[in-house]
Amino acid sequence: QVQLVESGGGLVQAGGSLRLSCVASGRTASTTATGWFRQAPGKEREFVAAVTWTTHYADSVKGRFTISRDNAKNTVYLQMNTLKPEDTAVYYCTASDGYSGSVRYTGRYTYWGQGTQVTVSS
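What counts, and where the lines are drawn
Residues numbered from 1 in each chain as written. Predicted model: local features only at pLDDT ≥ 70, side-chain atom pairs only at ≥ 80, totals over all residues. Heavy atoms only, no water. Helix = DSSP H or I, 4+ residues; strand = E, 2+ residues; numbered from the N terminus. Rg over C-alpha atoms; globule rule 2.2 N^0.38 Å. Buried < 20%, exposed > 50% of the residue type's maximum accessible area, 1.4 Å probe, protein only. Contact = heavy atoms within 4.5 Å. Areas by Shrake-Rupley, 256 points an atom, 1.4 Å probe, with all protein chains shown as cover. Pairing = 2+ DSSP bridges. Axes fitted to C-alpha atoms, helices over the stretch in contact; angles between N-to-C directions. Polar contact = N/O pair within 3.5 Å; in protein donor to acceptor, adjacent residues only side chain to side chain. Disulfide = S-S within 2.5 Å.

### A few points about the overall build of the protein chain
What the protein chain contains, in helices and strands, is 0 helices and 11 strands. Reading the helices (α) and strands (β) of the protein chain from amino to carboxyl end gives β-β-β-β-β-β-β-β-β-β-β. Against the 2.2 N^0.38 benchmark of 14 Å for 122 residues, the protein chain shows a C-alpha radius of gyration of 13 Å, consistent with a compact globule. When its C-alpha atoms are laid out on the principal axes, the protein chain stretches across 40 × 25 × 25 Å. The burial tally for the protein chain puts 45% of its 122 residues in the buried class. Taking the contacts inside the protein chain whose residues are at least 6 apart along the sequence as the reference set, 59% of them involve residues at least 24 apart. As displayed, the protein chain has an accessible area near 6400 Å², and 48% of this comes from carbon and sulfur atoms.

### Remarks on the sheet that holds strand E1 (residues 2-7)
Taken in spatial order, the 4 strands line up as E1-E3-E8-E7 in an open sheet, and their pairing is antiparallel. Among the strands making up the open sheet, the edge pair consists of E1 and strand E7 (65-70). Adjacent strand axes in the sheet meet at a mean angle of 20°, parallel and antiparallel pairs treated alike. Where E7 lies against strand E8 (residues 75-80), 6 bridges are found, and the strand directions are antiparallel. Bridge assignment links Thr 66 to a residue of E8, and that residue is Gln 79.

### A closer look at the pairing of strand E4 (residues 33-39)
Judged by how many residues are buried, E4 sits mostly within the fold: 6 of 7 residues are covered. Where E4 meets strand E9 (residues 89-96), 7 bridges bridge the pair, whose relative direction is antiparallel. Opposite Gly 35, over in E9, you have Thr 94 as the bridge partner. Here E4 runs beside strand E5 (residues 46-51); their pairing, made up of 5 bridges, is antiparallel. Residue pairing across strands places Phe 37 opposite Phe 47, the latter belonging to E5. Counting the residues that bridge the hairpin from E4 to E5 gives 6 residues, and of these Gly 42 lies at a positive phi of roughly 75°.

### Points about the side chain of Thr 32
Its location among the elements puts Thr 32 in the loop between strand E3 (18-26) and E4. A distance of 2.4 Å separates a polar side-chain atom of Thr 32 from the backbone oxygen of Gly 98. A distance of 3.2 Å separates polar atoms of two side chains, one belonging to Thr 32 and the other to Arg 108. In this structure Thr 32 touches Thr 52, Ser 96, Asp 97, Gly 98, Tyr 99 and Arg 108, once residues within four positions along its chain are discounted.

### Focus: the state of the cysteines
Under the definition given, this model contains 1 disulfide. Two residues, Cys 22 and Cys 93, share a disulfide whose sulfurs are 2.0 Å apart. The S-S bond linking Cys 22 to Cys 93 shows a torsion near -80°; that makes this disulfide left-handed. With Cys 22 in strand E3 and Cys 93 in strand E9, this pair connects stretches of sequence that are 71 residues apart. Exposure remark for Cys 22: the relative accessible area of 2% places this residue in the buried category. You can call Cys 93 buried: its relative accessible area is 0%.

Structure, rendered in structure tokens:
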């Protein structure tokens, strides 16, 4: 089992920045991918970014968001710059302990955090 706890969400004006953190505990050595998804009201959960041996990004955030990890702290970060109102959503950290499926789809992942709200005002 892996437990994930997100933090760092909040309210920011358009053009601003936020950094989300996801601290993992438990059997973290078994994880093969860690990612971030987001879900806006009335919409499906969508892929944002993931890190395996490399990084992966949704087209909508490429060049603005950066995913990184600190293995010593069991923490994955999502640095979000040049935020837009359409980035408003609940952001979820997720981890996979398998290799089945693309990192861009929720089916790849086993463990999910509780989510953190990001609100970008115009």
